[in-house]
Amino acid sequence: MKIEVWSDYVCPFCYIGKRKLEEAIADFPHKEDVEVIFKSYQLDPNTPRYNGQDYYETLAKKFGSMEQVKQMTNHVKQQANLVGLDFQFDTMKQTNTFDAHRLAKFAALKGKGAAISEALLSAHFLESKDVGNLDELAEIAAAVGLEKEEALATLCNEQAFREEVETDLQEATQFQITGVPFFIINRKYAISGAQPTETFTQALQQVWEEENKMSPLQTIGNNEDTCGPDGCDIPEK
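Residues numbered from 1 in each chain as written. Predicted model: local features only at pLDDT ≥ 70, side-chain atom pairs only at ≥ 80, totals over all residues. Heavy atoms only, no water.

An unreviewed UniProt entry lists the protein under the name DsbA family oxidoreductase, with Candidatus Pseudogracilibacillus intestinigallinarum as the source organism.

This is the structure in structure tokens:
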């Protein structure tokens, strides 16, 4: 079973949804047969790199007053706490994530796709790191076992893994994905948003049963005039 997850590293519900999916998979009887692949998505491709701007002020320019933003982030923080995550909104650094997605593609090629996705989300939401800064990204790469200088050299080449990221973004458009997290199972079933763990559990079980069951055929007519290993049936006249 293949689960593709479109998400962005500055999307709080992407981290929360990731945790809920992981909880469901942990209790799934066939978890060894589940493959999770992380796909690139940008909430706002025009977001500038971090340059010292206050996180709340940045959000307030998009979503309303500072009071509204504080209420929104407090609600999200409570949701994160329920899955064991402690978001640090006060010190968070809003930035462009395109280079982070390029790093993720590089890491996936090295067998570190899952590790780098977790590390990038943790770096942004829990550690208040700048996931748009190339040096910071190289440090994050090193923390999951990648060669730091190779990661930095890759990131400094602006064309490296650009096509792979853009392919994911194009697929998101084709699937009409307008919000993340967005989960596609076996390219046939979709789950939108950080749904309750029970929803993921139900989806895993339902997909597994539908993909693996053998539906008996309904027989029309009789079983006469057929041949098998023991010969042919000759109907009596």
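**Notes on the sheet that holds strand E3 (residues 182-185)**
The strand order across the open sheet formed by four strands is E2-E1-E3-E4, and the pairing between neighbours is mixed. With one partner strand each, in any of the chains shown, strand E2 (35-40) and strand E4 (189-192) form the two edges of the open sheet. Across the sheet, the mean angle from the axis of one strand to that of its neighbour is 20°, orientation sign disregarded. Pairing of E3 with E4 involves four bridges; the strand directions are antiparallel. Residue Ile-185 lies in a different strand from E4, and its bridge partner there is Tyr-189. Relative to strand E1 (residues 2-7), helix H1 (residues 12-26) is tilted by about 165°, and along the sheet it contacts E1, E2 and E3. (Pairing = 2+ DSSP bridges. Helix = DSSP H or I, 4+ residues; strand = E, 2+ residues; numbered from the N terminus. Axes fitted to C-alpha atoms, helices over the stretch in contact; angles between N-to-C directions. Contact = heavy atoms within 4.5 Å.)

**Topic: the packing of helix H4 (residues 98-109) against helix H7 (residues 148-156)**
Relative to each other, H4 and H7 sit at 130°, their axes nearing to 10 Å. Relative to H7, the element H4 lies oblique. Judged by the sense of rotation from one axis to the other, the crossing of H4 with H7 is right-handed. Here H4 contributes Asp-99, Arg-102, Leu-103 and Phe-106 to the contact with H7, which in turn contributes Glu-150, Ala-151, Thr-154 and Leu-155. (Parallel < 35°, antiparallel > 145°, perpendicular 65-115°, else oblique. Left-handed = near helix turned anticlockwise from the far one by under 90°.)

**Observations regarding the nonpolar core**
Formed by 38 residues in total, the largest nonpolar core has its most connected members in Phe-87, Leu-103, Ile-116, Leu-120, Leu-137 and Ile-140. When residues of this core are traced back to their parent elements, those giving at least two are H1, helix H2 (55-63), helix H3 (66-81), H4, helix H5 (113-125), helix H6 (134-143) and H7. By residue number, the principal contributor to this core is H5, which donates six residues. If sequence neighbours within four positions are ignored, Leu-103 has contacts with Ile-116, Leu-120, Leu-137, Ala-141, Ala-151 and Leu-155. Core analysis: the next-biggest nonpolar cluster, separate from the first, contains 18 residues, Val-5, Phe-183, Tyr-189 and Leu-204 among them. (Core = buried A, V, L, I, M, F, W, Y, C linked by side-chain atoms within 4.5 Å. Buried < 20%, exposed > 50% of the residue type's maximum accessible area, 1.4 Å probe, protein only.)

**Description of the pattern of salt bridges**
Close approach of charged atoms allows side chains of opposite charge to pair. Scanning the entire structure with this criterion turns up 19 salt bridges. With a shortest N-O distance of 2.8 Å, Glu-118 and Arg-19 are connected by a salt bridge. One end of the pair, Glu-118, is in helix H5; the other, Arg-19, is in helix H1, with 99 residues separating them in the sequence. Here Lys-77 and Asp-86 are joined by a salt bridge, their closest N and O atoms 2.8 Å apart. Assessed through its relative accessible area of 26%, Lys-77 is described here as partly exposed. Linked through salt bridges whose partners overlap, the residues forming this network are Glu-4, Lys-39, Lys-105, Asp-168, Glu-171 and Arg-187. (Salt bridge = Lys/Arg side-chain N within 4 Å of Asp/Glu carboxyl O.)

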